[in-house]
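What follows is the residue order along each chain.
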Amino acid sequence: MVAKSESGRAATAYFRTARPLPSLVTALGLGYFTWVVFWPQSIPYQSLGPLGPLTQYLVDHHHTLMHKGYWLAWLIHVGESLYAMVLCKYKGISNGRAQLLWFIQTFLFGIASLSILIAYRPKRQKQT
C-alpha cells in the first residue's frame, strides 16, 4: 500500500524540465527578437550572414509590426502558461511548487515545456 500512496503523491508533484535544445532555441529566438525590437542600432547586420539583411529589412520597413509581434509572442507565452495551470489541475498535479515550476518554465520556454505537460499521462488510481 505504501507504493500506491507514494506514486499518488509523486503524480500530484509531477514536474520535468524542458529539453535543452528546444529551450535554447526559444531563449535565443526571444533574446534576438528583444535585441532587434529595442536596440536595432546596435546589431552588426553585416556579421550575421543571411540573417543580417533580413533583420535589417524588417527593422527598416516593418519596425512597428516587429514591435507588436514581440509583445504578441510574450502574450502567447502567458496564454501557454495559463493553459499549463489548467492542464495541471486536469492531470491531478496539485502540488503548488510543481504548478509554479510548470508556469514559470512554460512562460520562459513556451511549447518546449508545454509539450511535456501535454504528453504526461498520469496513472489513474483504481477505485475500490
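Going by the structure above, here's the rest.
The structure displayed is predicted, hence computed values, not measured ones.

Another point: helix H2 (residues 20-38). Over its 19 residues, H2 runs 27 Å from end to end, which matches the ideal 27 Å to within 8%, given 1.5 Å per residue. Where H2 is buried, its residues meet helix H3 (51-90), helix H4 (96-109) and helix H5 (111-119).

What follows deals with the environment of Met66. With respect to the element layout, Met66 can be found in helix H3. Between the C-alpha atoms of Met66 and Val36, which are 30 residues apart in sequence, the distance is 8.3 Å.

Okay, the nonpolar core next. Counting 14 residues, the largest nonpolar core has Tyr14, Cys88, Ile93, Trp102, Ile116, Leu117 and Tyr120 as the members making the most contacts within it. Those elements giving two or more residues to this core turn out to be H3, H4 and H5. Residues contacting Tyr14, with those up to four places away along its chain left out, are Ile93, Ala98, Trp102, Ile116 and Tyr120.

Under the defined criterion, the tally for this structure stands at ten aromatic pairs. Pairing Tyr14 with Trp102 gives two aromatic rings, centres 6.0 Å apart and planes at 25 degrees, and the pair type is stacked. One end of the pair, Tyr14, is in the loop between helix H1 (2-12) and H2; the other, Trp102, is in helix H4, and 88 residues separate them in sequence. A residue is classified by how much of its surface remains accessible, and Tyr14, at 14% relative accessible area, is buried. A residue is classified by how much of its surface remains accessible, and Trp102, at 0% relative accessible area, is buried. An angle of 90 degrees between the planes, with centres 5.6 Å apart, marks the rings of Phe33 and Tyr70 as edge-to-face. In this pair, Phe33 is assigned in helix H2 and Tyr70 in helix H3, connecting sequence segments 37 residues apart. Its relative accessible area of 7% is what places Tyr70 among the buried residues. Through a chain of ring-to-ring contacts, the aromatic side chains of Phe33, Phe38, Trp39, Tyr70 and Trp71 assemble into a single cluster.

The rules behind these values
- Residues numbered from 1 in each chain as written.
- Predicted model: local features only at pLDDT ≥ 70, side-chain atom pairs only at ≥ 80, totals over all residues.
- Heavy atoms only, no water.
- Helix = DSSP H or I, 4+ residues; strand = E, 2+ residues; numbered from the N terminus.
- Expected span 1.5 Å × (residues − 1).
- Contact = heavy atoms within 4.5 Å.
- Core = buried A, V, L, I, M, F, W, Y, C linked by side-chain atoms within 4.5 Å.
- Buried < 20%, exposed > 50% of the residue type's maximum accessible area, 1.4 Å probe, protein only.
- Phe/Tyr/Trp six-rings, centres within 6.5 Å; stacked < 30°, edge-to-face > 60°.

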